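Single-letter residue listing:
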Amino acid sequence: MRMRFVVMVMLLPALMRAGSECRSSCRLSNISITVESEECGSCITIDTTACAGLCKTQERVYRSPMIQYYQNICNFREWTYETYEFKGCPAGADSVFTYPVALSCDCSKCNSDITDCGVLSQQTSSCTAH
């Protein structure tokens, strides 16, 4: 009996750490965005940060039509915008590309007013040659 107690006490810190990792893995992630400007005739890859990971959610057995249903997703909590200016563009061309940079993340309801709440493509983006 004493041996089981010692083993449980030794495993407790590891189990608590594993539990905290499984609760939420929503965090900053380095990503690359490929941007093509046909007007400027150039293609660039921008490195930035976004939010990625899993959020705790519970699926209801019964969905009442009276209660709105949603799941928490990994969202930007704080962000800023950065701008890249394409070089060598003709006069009057739209040479500026502005993109978000995540500063922190959290699990929250998807706000479709500012976020595309659909499924992201798993394909790697790249520039096309014309």
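Since the structure is predicted, the reported quantities are computational estimates derived from the model, not experimental observations.

A. Layout of the overall build of the protein. Looking only at helices and strands, one finds 1 helix and 4 strands in the protein. Traced from its N-terminal end to its C-terminal end, the protein shows the element sequence α-β-β-β-β. When contacts within the protein are restricted to residue pairs at least 6 apart in sequence, those whose partners lie at least 24 apart make up 59%. Here the protein has roughly 10700 Å² of accessible surface; of this, 55% comes from carbon and sulfur atoms.

B. Molecular detail of the environment of Thr 45. Structurally, the position occupied by Thr 45 is in strand 2 (residues 42-52). A relative accessible area of 51% means that Thr 45 is categorised as exposed. For the pair Thr 45 and Ile 31, spaced 14 residues apart in the sequence, the C-alpha separation amounts to 10.0 Å. For Thr 45, the residues in contact, after removing those within four places along its chain, are Ser 32, Ile 33 and Thr 34.

C. Seen up close, the side chain of Ser 37. Within the secondary structure, Ser 37 sits in strand 1 (residues 27-37). Not counting residues up to four positions away in its chain, the partners in contact with Ser 37 are Ser 42, Phe 86 and Asp 94.

D. Structural detail: the nonpolar core. Val 35, Cys 40, Ile 44, Ile 46, Phe 86, Ala 93, Tyr 99 and Val 101 form the largest nonpolar core, which has 8 residues in total. Only strand 2 and strand 4 (96-109) provide two or more residues apiece to this core. For Cys 40, the residues in contact, after removing those within four places along its chain, are Phe 86, Gly 88, Cys 89, Pro 90, Ala 93, Asp 94 and Ser 95. Core analysis: the next-biggest nonpolar cluster, separate from the first, contains 6 residues, Cys 26, Cys 51, Cys 55 and Cys 74 among them.

E. View of a negative patch on the surface. A grouping of Glu 36, Glu 38, Glu 39 and Asp 94 is seen on the molecular surface, where their side chains present a negatively charged patch. Tracing the sequence through the fold places Asp 94 in the loop between strand 3 (72-85) and strand 4.

What counts and how
- Residues numbered from 1 in each chain as written.
- Predicted model: local features only at pLDDT ≥ 70, side-chain atom pairs only at ≥ 80, totals over all residues.
- Heavy atoms only, no water.
- Helix = DSSP H or I, 4+ residues; strand = E, 2+ residues; numbered from the N terminus.
- Contact = heavy atoms within 4.5 Å.
- Areas by Shrake-Rupley, 256 points an atom, 1.4 Å probe, with all protein chains shown as cover.
- Buried < 20%, exposed > 50% of the residue type's maximum accessible area, 1.4 Å probe, protein only.
- Core = buried A, V, L, I, M, F, W, Y, C linked by side-chain atoms within 4.5 Å.
- Patch = residues over 30% accessible without salt bridge, like charges linked within 9 Å, V, L, I, M, F, W, Y side chains within 5 Å.
- Salt bridge = Lys/Arg side-chain N within 4 Å of Asp/Glu carboxyl O.
- Lys, Arg positive; Asp, Glu negative; His and termini not counted.
- Charge placed at Lys NZ, Arg CZ, Asp CG, Glu CD.

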